[in-house]
Amino acid sequence: METRLRYLPAIGTVLIVVVLLVALLWGGPRIDWSSAAALVFIAAFAFAVAATLRYAVGAAEPDVRPPGADGDTLLRSRLAPLVIGIGTIGILVVAGAVIWGVSLIREPRTVDPSVYLGIFSSVVPVFATWVGAVIAFYFTNESFRQAAEASGATKGDPSDSEPITSPTRMIPFEKITHYELKPKDDGTGLEDPGGVDFSAIKPLFSATVSRIIILDPNKRPVRIVRQKLVPADMPDDAKLSEYFVHDQNASDAINFKTIPETSTVGEARAVAKLYKLADLFVTKTGGAEEPILGWVPDDRLR
């Protein structure tokens, strides 16, 4: 249906041209300019309705439903432009017809102009009532839902004021399953995270541990390795560099931030939401150069 609606404006344009050419060039009595103007007006109205249907009901691209969107939301997103568009076109058509009709009246008057004005005054409220009734019917519940959500947001979550260092939120350092980078044999620094053997990381995963934190000797996070992102065909003797080059693992492994130990759960949630993080680390003042006191994964912020 949507694929066919996509071509309505083009079909309408072709029909306009064909109708006008037939009316103006057919070998019968020549059409006068006022009749030609009427044809153009009618054809333009048909084209406008076709275009409204195409853009309000149909779509050039396949419909992709956003996360959390339901059928009612999608219906409202298309119903509003459809109803308002047709209502507006209807009012403009009636107004144009009245103006055109009044302009054709000549002396001596055979039709009182007030007749046209009466028609306009009677028809316009019908369009307005129809648009208002449909919009009100479909959007009243949505308004109530948004008001309820706004009220809940104003009240806030009571847990927002909870300290982030609460035992139910922060995993203390001594309980974090981690791998500590070792100094290089030549004493020039630490081993590269990509050069770590996967065989040293894999045994750390368990039924309750799905993320391994790679730390430097100063207890600062360097990388995060997630079990769910490990390629299924990754051999045990591989280096972590093979993990980092897979998909978006390299950027995901450093997608974390530090927050001060005085933070509340609400502040931590705000940071995680702002930067789209799944991991936060707690330090004394929130500095990334400080040793971590604990770790707050995203499932402890819910």
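Before reading on, note that the structure itself is shown above.
Residues numbered from 1 in each chain as written. Predicted model: local features only at pLDDT ≥ 70, side-chain atom pairs only at ≥ 80, totals over all residues. Heavy atoms only, no water.

Participant: What am I meant to see in the overall build of the chain here?
Facilitator: Each helix and strand in the chain was counted, giving nine helices and seven strands. When burial is assessed residue by residue, the chain has 32% of its 302 residues classed as buried. Surface accessibility of the chain: about 18,800 Å² in total, with carbon and sulfur atoms responsible for 64%. (Helix = DSSP H or I, 4+ residues; strand = E, 2+ residues; numbered from the N terminus. Buried < 20%, exposed > 50% of the residue type's maximum accessible area, 1.4 Å probe, protein only. Areas by Shrake-Rupley, 256 points an atom, 1.4 Å probe, with all protein chains shown as cover.)

Participant: I'm lost on the nonpolar core in this one. Help?
Facilitator: Considering soluble globular proteins, one finds that nonpolar side chains tend to be buried as a cluster. In this structure, Y179, I201, I214, V225, L240 and Y243 are the most contacted members of the largest nonpolar core, which totals 18 residues. Counting only elements with at least two residues in this core, the list comes to α6 (198-201), β3 (211-215), β4 (221-226) and α7 (240-244). Excluding residues that lie within four positions of it along the chain, L240 makes contacts with P193, G194, V196, F198, I201, I214, V225 and M234. Of all hydrophobic cores here, the second largest spans 11 residues; its members include I164, L280, V282 and L301. (Core = buried A, V, L, I, M, F, W, Y, C linked by side-chain atoms within 4.5 Å. Contact = heavy atoms within 4.5 Å.)

Participant: Explain the sheet that holds strand β7 (residues 294-297) to me, please; I cannot follow it from the model alone.
Facilitator: Strand order across the open sheet formed by four strands is β1-β7-β6-β5, with mixed pairing between neighbours. Each edge of the sheet is formed by a strand with only one pairing partner; in this case those strands are β1 (171-172) and β5 (257-260). (Pairing = 2+ DSSP bridges.)

Participant: So what exactly am I meant to see when it comes to the pairing of strand β6 (residues 279-283) here?
Facilitator: On a regular strand, one side chain projects to one face of the sheet and the next to the other, so that they alternate. With five of its five residues buried, β6 lies for the most part within the structure. By the bridge criterion, four bridges tie β5 to β6 in an arrangement that is parallel. Opposite T258, over in β6, you have F281 as the bridge partner. Assessed by its sense of winding, the connection that carries the chain from β5 through helix α9 (residues 265-275) to β6 is right-handed. Relative to β7, β6 is paired through four bridges, and the arrangement is antiparallel. (Right-handed = clockwise from strand over helix to strand, strands pointing away.)

Participant: What should I look at first to understand the sheet that holds β3 in this one?
Facilitator: Strand pairing in a sheet takes place through backbone hydrogen bonds and is either antiparallel or parallel in direction. Strand order in the open sheet formed by three strands is β2-β3-β4, and the pairing between neighbours is mixed. The sheet is open, and its two edges are formed by β2 (178-180) and β4, each paired on a single side. Within the sheet, the average angular offset between the axes of one strand and its neighbour, ignoring direction, is 20°. For β3 and β4, the ladder comprises five bridges, and the chain directions are antiparallel. Within the sheet, the bridge partner assigned to I213 lies in β4 and is I224. (Axes fitted to C-alpha atoms, helices over the stretch in contact; angles between N-to-C directions.)

Participant: In this structure, what is going on with the pattern of salt bridges? I would like to understand it.
Facilitator: Where side chains of opposite charge bring their charged atoms close, a pairing between them can arise. What the rule picks out here adds up to 10 salt bridges. In this structure, D197 and K239 form a salt bridge, with 2.4 Å as the shortest nitrogen-oxygen distance. With a gap of 42 residues between them, D197 in the loop between β2 and α6 and K239 in the loop between β4 and α7 connect regions that are remote in the sequence. What makes D197 partly exposed here is its relative accessible area of 34%. Between D279 and R211 there is a salt bridge, with the nearest N and O atoms lying 2.7 Å from each other. Placement of D279 in strand β6 and of R211 in strand β3 is noted, with a sequence separation of 68 residues between them. Here D279 falls in the buried class, since its relative accessible area comes to 0%. (Salt bridge = Lys/Arg side-chain N within 4 Å of Asp/Glu carboxyl O.)

Participant: How do you make sense of unusual backbone geometry when you look at a structure like this?
Facilitator: For residues besides glycine, phi is generally negative; the peptide bonds are generally trans as well. Here the phi dihedral of K219 falls at roughly 60°; this positive angle occurs in a residue that is not glycine. Mapped onto the elements of the fold, K219 is located in the loop between β3 and β4. Judged by its relative accessible area of 37%, K219 is partly exposed.

Participant: Hey, could you run me through α9 in this one?
Facilitator: Every α-helix carries 3.6 residues per turn, so stepping three or four residues along brings you back to the same face. Those residues of α9 lying buried are V265, A268, R269 and A272. Considered in projection along α9, the buried side chains sweep an arc of 100° and stay on one side of the axis. Buried residues in α9 make contact with β5 and β6. Looking one or two residues past α9, K276 carries a phi angle of roughly 55°, positive in sign. (Arc of directions from axis to C-beta.)

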